[in-house]
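If you want the building blocks of each chain, they are given just below.
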Amino acid sequence: MKALIAVLGGDGIGPDVVAQAVRVLGATARHFGHEFELAPALFGGAAIDAHGDGLPPATLDLCKRADGVLLGAIGGPKWSAPDAKARPETALLRLRRELGVYANLRPVAVHPALRDASTIKADVLDGVDLLFVRELTGGIYFGEKRRTATDATDVCTYTVAEIERVTRVAGTLARARRKRVTSIDKSNVLETSRLWRSVVERVIATEFPDIALEHMLVDAAAMHLIRRPREFDVLLTENMFGDILTDEASMLAGSLGVLPSAALGDGSRGLYEPIHGSAPDIAGRGIANPIGTILSAALLLRHSLGLDTEARAIERAVSEALEAGARTADIAGPGVPVMTTGGMGEEILKRLRA
Ligand code: NAD
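Each residue is numbered by its place in its chain's sequence as written, counting from 1. Given that this is a predicted model, residues contribute local features only at a pLDDT of at least 70 and side-chain atom pairs are listed and counted only at 80 or more, while totals for whole chains, interfaces and linings are drawn from all residues. Side-chain metrics rest on all non-hydrogen atoms present in the structure, leaving aside hydrogens and water.

Put simply, a salt bridge is a Lys or Arg side-chain nitrogen that is within 4 Å of an Asp or Glu carboxyl oxygen. Throughout the structure, instances matching the rule amount to 28 salt bridges. As a salt-bridge pair, Glu 347 and Arg 351 come within 2.8 Å of each other at their nearest N and O atoms. With a gap of four residues between them, Glu 347 and Arg 351 both fall in helix H12 (residues 341–353), about one helical turn apart. Among the charged side chains, a network of salt bridges with common partners joins Asp 129, Arg 177, Arg 178 and Asp 233. Secondary structure elements follow DSSP: runs of H or I no shorter than four residues count as helices, runs of E no shorter than two count as strands, and numbering proceeds from the N terminus.

Written out as structure tokens, the structure reads:
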């Protein structure tokens, strides 16, 4: 297969971790006989420095032509001044909007070799394998905002169409998993949540009758994610609840550095990135964990190119490297030898080639 993949390193540790994912994609293409054109472009703070624009036209054009977009991370103190004219975060919101992606996928699986890396008791973590599907373009983050000297208002709006389309993504993905969806809302208080619940109920009942649906209030979900995470399969949430709960859930896996994400729309093209940021505290030291980005590349192969076998090969290589004891500093226990970003990439490549 021939495919064009846009590669946006971004800022901080972004270019380092993306470089390892590019090696892995190259090796996967060679092994399975594909032709991936991996086209780099400036994005985020790096693009602001070069062009005064976090999403220059050439980068946007490449992303729109590409079959999938792989991103490292953006942002950092250099571009965070309160009076900054251009912000990396604004570029990311624009890119998501331009690509029309509205469903954010965050799988959280606890690798057996990393069960002691989490602050949660190891026996609670055994067998955890869940997938968040978070609505990405609606809700309170995008509603009207107003501020006076004495009050402030953020409006939360959801349309039926917005809820329907993200529910279909969750239903479709649940079918390929354990066929369970937990829809999270606050329907005892919020009108948008009452609409959410009724639309999810209807779409699953009529279009996904084979899927078991349960509803859960967001406060209860926050508790159950820590108490019995293994019982969840697909969790479907609106934008802000998903933002908060996915960060909570990332701690089940022990480190931000090992978790991938995907943002999907109606077509097959998607935006893939690790869940972590640009980590300015460790940038330039060559010690960042590339696993979240490498697993994001695997998601790109699966969801944008339909290459499930190839995605599994990458995921297996990551698992085998971890089982063999490969550790970057963020997932190494005390006294455990640690490797560099490139060293971890090499350990994964070795197993992929084998
Ligand atoms: P962060 O995720 O960058 O870092 C949080 C902590 O986790 C840091 O101690 C960091 O060293 C560590 N960490 C993160 N990724 C790691 C990895 N791969 N390996 C090892 N350790 C890792 O979050 P932050 O410090 O709150 O944000 C830093 C910058 O990143 C900010 O400018 C923020 O706006 C930006 N950010 C960008 C994205 C994105 O690109 N989508 C997401 C979140 C934050």
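So, next bit.
For strand S12 (residues 270–274), the tally of buried residues reaches five of five residues, placing the bulk of the element in the interior. Strand pairing is assigned whenever DSSP identifies at least 2 bridges connecting the two strands. Where strand S3 (residues 68–73) meets S12, two bridges bridge the pair, whose relative direction is parallel. Paired with Val 69 across the strands is Leu 271, a residue of S12. Strand direction decides the pairing type here: strand S11 (residues 260–264) and S12, joined by five bridges, are antiparallel. In the strand pairing of S12, Ala 263 is matched with Leu 271. Linking S11 to S12, which pair antiparallel, is a turn of five residues. Residue exposure (1.4 Å probe, protein chains only): buried if accessible area is under 20% of the type maximum, exposed if over 50%, otherwise partly exposed.

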